[in-house]
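# Secondary and tertiary structure notes
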Amino acid sequence: MAGTMDRLEDCNSPETSGTAGDAMPSPRVYARRWVFLLVVSLLSCSNAMLWLSFAPVADTIAQHFFLSMDQVNWLSLIYFVLSIPFGMAAIWVLDSVGLRGATILGAWLNFSGSVLRAVPCLPVRIPSPFAFFMSGQSLCALAQTLVVSSPAKLAALWFPEHQRATANMISTMSNPLGLLIANVLSPALVKKAEDIPMMLGIYIVPAALACLLATVCLWESVPPTPPSTGAANSTSESFLHGLKLLIQNKAYVILAVCFGGGIGVFSSFSALLEQILCASGYSNEFSGLCGALFIVFGILGALLLGLYVDRTKHFTEATKIGLCLTSMTSVAFALVSQLQGQTLALAAICSLFGLFGFSVAPVVMELAVECSFPVGEGASAGLIFVLGQAEGMLIMLLLTALTVRRTGPSFSTCQQGEDPLDWTVSLLLLAGLCTLFTCVLVIFFNTPYRRLEAESGRSSSPTMCARDPRTVSPTQVPPLETPGLTPPDEALKEAPGPASVSTGHSEWAETMTRDI
């Protein structure tokens, strides 16, 4: 990366800007970018599987290892807790150490955590199985902070302009795919307590495969030749200076706070869905179906939307429309989920909730890079993740605090052995927050696509070099045909693109007029 930045600085100096031969080479893509994408996607999927592997069989885990339900719940909550303080450190690692180093470190943390979780199942007496479970989950949680910030950086460094959103979508949606697999696989594997060692052993396999591929198959953080002009200028700001620029960027702050709130809404919805629906008389199997539809349609929507924005570059429009439809769906869920016997309507609403809301996540990550360029992709995407985790914890605490015991007739199918809860106020608050974040984003968010402008030659950044072989130095401009009329040197230096090498007086005059 340092070599790339050196070439960028050199091409702005008078000694090296005088010939077309010294210009940056044309963008080039490499087939091994798909290997990198495979490794990051597999790692993200494995990490999500480890996150929720205990939750679907929480009662069996608690009974077999003599744990309380609060202890089992903490095996999932530790991901949220550690992501907030260590998320900032992960941003520094990603932008300073490099994508390859961060991916390998995340893969080894993920694999080590998966092995540590299986220690209590060894045929020896383990005095404190919860300590091994929590230690393993903590290592996996540290790996998550590196994993979730990688997709935007991987897409920017290795993929050309017309494939970035698609690559970002594939690696980002691997995480909810892992959640879906865990929700289906854990109950299918654990029918009785004796099946728990088999479940924990199976979850080690994808973690080990991701670790092996990351260690053996990833050779470099960046390709020898960047796939785009924007990739050549990636991570051109230092870590602390990049964070300062992000905080001072009004458009980025609005996007980060609003979409971070959206992440909190979706996290709360996923975590509380079963408790909400069972209070209205719906079975756990139906709640699981709604959660699966939510994720499946979200992945499908992300695929379609990623392909669309790759071709049209309508990042802002796609995000605003998607969030508006998501807000409408959240209001529908808040109302219909309190009624009995609405299985078809609820299944359709959960599907649309994922289709509209989940699918904008990769697009927002690309949009964050566009509005914050040339700040590093790890910082712009990672800060949104950290804010999302923090807002998610606050929203979940607020929603659970606002629940009250149901006083009217009960249709509850909940298994906690307590009086059913009334989620009406909490769900209306959830819909209100989703609508509020959407309205703020739609009304106040507006930004130029800085990375695309730089790649199309419209950027005035002094660190960007023209890749067009037709670009020549101002010292090569031949004399004008009109005697006695010599353009000022400064005007020639500032004239962008091929217009600066005009050989006719009329073309030079047009260039000067445009610059003024």
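Cut-off values and rules
Residues numbered from 1 in each chain as written. Predicted model: local features only at pLDDT ≥ 70, side-chain atom pairs only at ≥ 80, totals over all residues. Heavy atoms only, no water. Helix = DSSP H or I, 4+ residues; strand = E, 2+ residues; numbered from the N terminus. Buried < 20%, exposed > 50% of the residue type's maximum accessible area, 1.4 Å probe, protein only. Contact = heavy atoms within 4.5 Å. Phe/Tyr/Trp six-rings, centres within 6.5 Å; stacked < 30°, edge-to-face > 60°. Arc of directions from axis to C-beta. 1 Å grid on protein atoms, 1.4 Å probe; cavity = no way out; pocket = protein on both sides within 12 Å on 5 of 7 lines; lining within 4 Å. Points joined across faces, edges and corners; volume = space filled by probe spheres on them. Nonpolar A, V, L, I, M, F, W, Y, C, P; charged D, E, K, R; others polar. Patch = residues over 30% accessible without salt bridge, like charges linked within 9 Å, V, L, I, M, F, W, Y side chains within 5 Å. Areas by Shrake-Rupley, 256 points an atom, 1.4 Å probe, with all protein chains shown as cover. Salt bridge = Lys/Arg side-chain N within 4 Å of Asp/Glu carboxyl O. Core = buried A, V, L, I, M, F, W, Y, C linked by side-chain atoms within 4.5 Å. Domains from an automatic or database assignment. Axes fitted to C-alpha atoms, helices over the stretch in contact; angles between N-to-C directions. Parallel < 35°, antiparallel > 145°, perpendicular 65-115°, else oblique. Disulfide = S-S within 2.5 Å. Left-handed = near helix turned anticlockwise from the far one by under 90°. Polar contact = N/O pair within 3.5 Å; in protein donor to acceptor, adjacent residues only side chain to side chain.

### Observations concerning the overall build of the protein chain
- When its secondary structure is counted, the protein chain shows 21 helices and two strands.
- Taken across its 516 residues, the protein chain has 53% of its residues classed as buried.
- In the protein chain, 82% of the contacts between residues at least 6 apart in sequence involve partners at least 24 apart.

### Notes on the packing of aromatic side chains
- Here the structure, examined in full by the defined rule, presents 17 aromatic pairs.
- When the ring of W51 is compared with that of Y79, the centres are 5.4 Å apart and the planes differ by 15 degrees; the resulting orientation is stacked. Pair noted here: W51 is in helix α2 (residues 33-52) and Y79 is in helix α4 (residues 69-97), with a separation of 28 residues, a long-range link.
- Chaining the aromatic ring pairs together yields one cluster made of F266, F269, F294, F333, F353 and F358.

### Section: helix α11 (residues 239-248)
- Those residues of α11 not exposed but buried are G242, L243 and L246. For α11, the buried positions fall inside an angular range of 100 degrees around the axis, keeping them on one side. Turned more than 90 degrees off the buried face of α11, the exposed positions are L240, I247 and Q248.
- Each element contacted by the buried residues of α11 is listed here: α4, α12 (250-278), α16 (361-372) and α17 (377-401).

### A closer look at the environment of P129
- Along the chain, the position of P129 falls in helix α6 (residues 129-147).
- The spatial distance from the C-alpha of P129 to the C-alpha of L67 is 9.0 Å, given a sequence separation of 62 residues.
- Once residues lying within four places of it in the same chain are set aside, the contact partners of P129 are F65 and P120.

### Things to note about empty space enclosed by the protein
- Enumeration according to the criterion identifies six cavities of 30 Å³ or more in this entry.
- By volume, the largest cavity amounts to about 90 Å³.
- Among the secondary structure elements, those contributing two or more residues to the lining of the largest cavity are α12, α14 (315-336) and α18 (424-444).
- Looking at the lining of the largest cavity residue by residue, the classes come out as seven nonpolar, five polar and no charged.

### Some remarks on a nonpolar patch on the surface
- A cluster of nonpolar side chains, contributed by L300, L303, L304 and L307, occupies part of the molecular surface with about 330 Å² of accessible area.
- One can find L304 in helix α13 (residues 284-312).
- Owing to a relative accessible area of 53%, L304 belongs among the exposed residues under this scheme.

### Overview of the side chain of S171
- Within the element layout of this structure, S171 appears in helix α8 (residues 164-189).
- According to the relative accessible area criterion, S171 is buried, its value standing at 1%.

### Let's talk about the nonpolar core
- I61, Y252, L255, L277, F333 and I384 are the most contacted members of the largest nonpolar core, which has 104 residues in total.
- It is α12 that contributes the most residues to this core, 15 residues altogether.
- Summarising the domain contributions, this core has at least three residues from each of domain 1 (30-223) and domain 2 (238-456).
- In contact with F333, other than residues within four places in its own chain, are F269, L273, I276, L277, L346, I349, C350 and L427.
- In terms of nonpolar packing, the next biggest core, distinct from the first, is built from 29 residues, V93, I104, L157 and V222 among them.

### Regarding the packing of α17 against α18
- Two elements in contact, α17 and α18, have axes separated by 9 Å at closest approach and are oriented at 150 degrees. Relative to α18, the element α17 lies roughly antiparallel. Of α18, the residues touching α17 (which contributes E391, I395, L398 and L399) are S426, L429, L430, L433 and F437.
- Here the residues of the contact of α17 with α18 sort into seven nonpolar, one polar and one charged.

### Things to note about unusual backbone geometry
- The backbone of F66 sits at a positive phi, close to 60 degrees, despite the residue not being glycine.
- Not every positive phi belongs to a glycine, and K313 is a case in point at roughly 60 degrees.
- Mapped onto the secondary structure, K313 falls in the loop between α13 and α14.
- On the basis of relative accessible area, K313 is assigned to the buried category, the value being 14%.

### Observations concerning the state of the cysteines
- As enumerated under the stated definition, the model contains zero disulfides in all.
- C434 carries a free sulfur, and the closest cysteine sulfur to it, the one in C439, is 9.6 Å from it.

### Considerations on the packing of α12 against α17
- The interhelical angle for the contact between α12 and α17, taken along N-to-C directions, is 45 degrees, at an axis separation of 6 Å. The angle between α12 and α17 falls in the class oblique. Taken as a pair, α12 and α17 cross one another with a handedness that is right-handed. Residues Y252, A256, V257, F259, G260, G261, I263, G264, V265, S268, A271 and L272 of α12 form the contact with α17, whose participating residues are A379, S380, L383, I384, L387, G388, E391, G392, I395, M396, L399 and T400.
- When its residues are assigned to classes, the contact of α12 with α17 shows 15 nonpolar, eight polar and one charged.

### Notes on the environment of S174
- Position of S174 among the secondary structure elements: in helix α8.
- Judged by its relative accessible area of 8%, S174 is buried.
- C-alpha separation for the pair S174 and I299, spaced 125 residues apart in sequence, amounts to 8.6 Å.
- Not counting residues up to four positions away in its chain, the partners in contact with S174 are S41, S44 and C45.
- Only 2.8 Å separates the side chain of S174 from the backbone oxygen of I170, close enough to count as a polar contact.

### Re the environment of C140
- Here C140 is to be found in helix α6.
- Residues C140 and L50, 90 residues apart in the sequence, show an inter-C-alpha distance of 7.4 Å.
- Apart from the residues lying within four places of it in its own chain, the contact partners of C140 are N47, L50, Y79, L109, N110, G113 and S114.

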